Amino acid sequence: MANPLYDGLFGIHAGKTTPFLHLPDGQTVTHRDFLATSARIANVTAQIGLVPGDRVAAQIEKSPEALALYAACAQAGLIFLPLNTAYTTDELSYFIENSGAALIVCDGKNQGSLGKLAGDLGTKIESLNADGSGSLMDKAKDMPDSFDTVARRADDLAAFLYTSGTTGRSKGAMLTQDNLLSNARTLVTEWRFTADDVLLHALPIFHTHGLFVATNIALAAGSSMIFLPKFDLDQVIDRLPDATSMMGVPTFYTRLLGDERFTKDLAQHMRLFVSGSAPLLAETHLQFEARTGHRILERYGMTETNMNTSNPYDGERRAGTVGFPLPGVELKVTNPDTGETLPNGEVGQIEVRGPNVFKGYWQMPEKTAAELREDGFFITGDLGKIDVDGYVHIVGRNKDLIISGGYNIYPKEIELVLDEQPGVLESAVIGVPHPDFGETVLGVIVPENGATPDTEAMLDAVSASLARFKHPRKLVVLDELPRNTMGKVQKNVLRDQYQGMFSS
Ligand code: MCA
Ligand code: AMP
């Protein structure tokens, strides 16, 4: 019996002594060593009693061992649930409890705070630190370096990724083996990845972009990766000459352009630069081409769908667009009220269908039904149009979402915390343009009658419960929020009013 994901991404490299990961300290991890580590971890999971279908929640720093945990989950038929390292214990508690995780793997420094939760929930807990130390690898050391791959079907679940929603409650997007594998294979072909490629990998590996796009493509193509712990401008500039390709969020590209060491010479040998997760300004696209001669290839995806569209590898990569639907992906623009398909050129909501589209939200049938139509089309919440040449343009969002440096932030989550603070009548959280992060978070507070809210104390309260990247960069106090005749808060009016607040 087969396991499509494991076989298609990992098993194909069995026995290869070619490099898979190039690490910042100059060390290399071969495919064979990587697979031996992942098999040892898979043996640990079996020994501690995990069975196929169990969820493994991982809040760990980026390391070869962290990636091997992903491979181990695929091999053992476990559902991998990666979590942003910035999440607070409050945020983690929800994900762990909601997913019913059987195992938490966390950094040793968080074992105390998460250990209590694990105890309460009866969840097992192991540590894995950034340097590869911790209880997980201590146990793995003594395990065999092979593991009998657990059979899985293409539509068995492989991963949960939590995405927030307009109500402030996160939803676990259920991704199948085939969602991940089919998309990786399509992208390998579309973007011409081969075993000769060296991908500069500076993205986090707890999101779709860094894990299911960048890493899965490298695995499916047999490419190697320069595996950096995070986007550090000096390191990226230093290692670029050894790479053939790079993937990043727009902030990566604006930061590179902001550094005079990033020259045409430095980028000349590169084959491909890919951008996604947030809109790449046409201006950045053009500046990049002027500086390097390369046209960034912009693509569009979502946690629920992996990648939907891409600009062409050959042919015109059109600035300000996200290109064409990928092979096998159907994309239509519909009227948000009626669901009817709109003619090309008209703006409406973007819907997609294909092997990339997820199975639904974990234990949330109503939310699944609201976004995933019975005919298989997923309502993305993005607003866009298709131009005369077939290029898809994203022109806005039909969902209250801020994207800061490629991280999604749902205002409702922050508003709920602000509204609870003493002296606050109500609040509105909006995204405003930011030169580095694209958008950043601004909180608008309306005090209760006669109250003078302590904004510092409010920011402290936000810090206690929400990850740092979600924190409002500023709080402003207003007497009242602008509303339309239906009484709905007009966030667009606030966005217009404060759009210049963080301009450089
Ligand atoms: C870090 N901080 C942030 C962000 N990142 N604040 C807002 N937005 C962020 N994205 C905080 C830090 O905690 C720090 O707080 C302060 O901002 C400045 O940190 P800085 O050193 O500038 O940040 P950094 O560590 O260099 O990180 C910036 C980054 C990083 C490199 C842009 O955020 C990043 O790697 N983003 C990629 C996200 C990503 O992979 N998204 C893909 C999602 P303080 O100093 O005050 O403590 S997948 C997706 O969206 C779909 C599927 C798709 O299409 O790909
Ligand atoms: P996530 O929930 O992290 O998967 O983020 C998905 C959202 O990111 C999409 O619904 C879009 O709003 C946005 N997004 C991803 N890629 C692009 C892009 N190239 N241009 C504009 N928005 C994008």
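Everything that follows concerns the structure shown earlier in this document.
What counts and what doesn't
Residues numbered from 1 in each chain as written. Chains lettered and ligands numbered in written order. Predicted model: local features only at pLDDT ≥ 70, side-chain atom pairs only at ≥ 80, totals over all residues. Heavy atoms only, no water. Helix = DSSP H or I, 4+ residues; strand = E, 2+ residues; numbered from the N terminus. Rg over C-alpha atoms; globule rule 2.2 N^0.38 Å. Areas by Shrake-Rupley, 256 points an atom, 1.4 Å probe, with all protein chains shown as cover. Lys, Arg positive; Asp, Glu negative; His and termini not counted. Charge placed at Lys NZ, Arg CZ, Asp CG, Glu CD. Buried < 20%, exposed > 50% of the residue type's maximum accessible area, 1.4 Å probe, protein only. Arc of directions from axis to C-beta. Contact = heavy atoms within 4.5 Å. Near = heavy atom within 4 Å. Polar contact = N/O pair within 3.5 Å; in protein donor to acceptor, adjacent residues only side chain to side chain. Pairing = 2+ DSSP bridges. Salt bridge = Lys/Arg side-chain N within 4 Å of Asp/Glu carboxyl O. Phe/Tyr/Trp six-rings, centres within 6.5 Å; stacked < 30°, edge-to-face > 60°.

1. Some thoughts on the overall build of the protein
Part 1: Along the protein, the regular secondary structure elements total 16 helices and 25 strands.
Part 2: Expected size for 504 residues packed as a compact globule is a radius of gyration near 23 Å; at 23 Å, the protein falls within 12% of this value.
Part 3: Dimensions of the protein along its principal axes, counting C-alpha atoms only, are 65 × 55 × 50 Å.
Part 4: Accessible area of the protein: about 20,200 Å², with a carbon and sulfur share of 49%.
Part 5: Computed over 44 positive and 63 negative side-chain charges, the inter-centroid distance for the protein is 2 Å.

2. Some words on helix 12 (residues 282-292)
Part 1: Among the residues of helix 12, those classed as buried are Thr284, His285, Phe288 and Thr292. Each buried residue of helix 12 sits inside an arc of 105 degrees when the element is viewed along its axis, so together they form one side. Projecting away from the buried face of helix 12 at angles above 90 degrees are the exposed residues Glu283 and Ala290.
Part 2: Residues of helix 12 that are buried sit in contact with helix 10 (250-257), helix 11 (264-267) and strand 12 (272-275).

3. Things to note about the site of ligand 1
Part 1: Taken together, 25 residues surround ligand 1, and among them Arg255, Ser277, Arg299, Ser404 and Arg468 come closest.
Part 2: The contact in question runs from an oxygen atom of ligand 1 to an N or O atom on the backbone of glycine 301, over 3.4 Å.
Part 3: Arginine 468 has a polar side-chain atom sitting 2.6 Å from an oxygen atom of ligand 1.
Part 4: Contact with the protein chains removes 75% of the 1,000 Å² of surface that ligand 1 exposes when unbound.

4. Considerations on the pairing of strand 5 (residues 103-106)
Part 1: Because side chains alternate across strand 5, one face comprises the buried residues Leu103 and Val105, and the other comprises Ile104 and Cys106, equally buried.
Part 2: Alignment of strand 3 (residues 55-59) against strand 5, held across four bridges, turns out to be parallel. In the strand pairing of strand 5, alanine 57 is matched with isoleucine 104.
Part 3: Relative to strand 6 (residues 124-127), strand 5 runs parallel, the two sharing four bridges. For isoleucine 104, the partnering residue across the bridge sits in strand 6 and is isoleucine 125.

5. Topic: the pattern of salt bridges
Part 1: A complete count under the given rule lists 28 salt bridges for this structure.
Part 2: A salt bridge links aspartate 197 to arginine 271; the nearest nitrogen and oxygen atoms lie 2.9 Å apart. Of this pair, aspartate 197 sits in the loop between helix 7 (177-190) and strand 9 (198-201) while arginine 271 sits in the loop between helix 11 and strand 12, and the two are 74 residues apart along the sequence.
Part 3: Exposure remark for arginine 271: the relative accessible area of 24% places this residue in the partly exposed category.
Part 4: For arginine 353, the salt bridge goes to glutamate 330, with nearest N and O atoms at 2.9 Å. Here arginine 353, found in strand 17 (residues 348-353), pairs with glutamate 330, found in strand 16 (residues 330-334); they are 23 residues apart in sequence, far enough to count as distant.
Part 5: Judged by relative accessible area, which is 27%, arginine 353 ranks as partly exposed.
Part 6: You can call glutamate 330 partly exposed: its relative accessible area is 37%.
Part 7: Via salt bridges that share partners, Arg152, Arg153, Asp155, Asp156 and Lys359 belong to a single interconnected network.

6. A look at the pairing of strand 9
Part 1: Neither face of strand 9 is exposed, since Val198 and Leu200 on one face and Leu199 and His201 on the opposite face are all buried.
Part 2: Two elements, strand 9 and strand 11 (residues 245-248), share two bridges in a ladder whose sense is parallel. Residue pairing across strands places leucine 200 opposite methionine 246, the latter belonging to strand 11.

7. Quick word on the packing of aromatic side chains
Part 1: Throughout the structure, instances matching the rule amount to 21 aromatic pairs.
Part 2: Ring centres of phenylalanine 10 and phenylalanine 34 lie 6.4 Å apart, and the angle between their planes is 25 degrees; this geometry places the pair in the stacked category. Of this pair, phenylalanine 10 sits in helix 1 (residues 4-10) while phenylalanine 34 is found in helix 2 (residues 31-47), placing the two residues 24 residues apart along the sequence.
Part 3: Judged by relative accessible area, phenylalanine 34 falls into the buried class, the value being 2%.
Part 4: A centroid spacing of 5.4 Å and a plane angle of 90 degrees characterise the contact between tyrosine 253 and phenylalanine 288, whose relative ring orientation is edge-to-face. In this pair, tyrosine 253 sits in helix 10 while phenylalanine 288 sits in helix 12, placing the two residues 35 residues apart along the sequence. The pair tyrosine 253 / phenylalanine 288 is uniform in exposure class, with both members buried.

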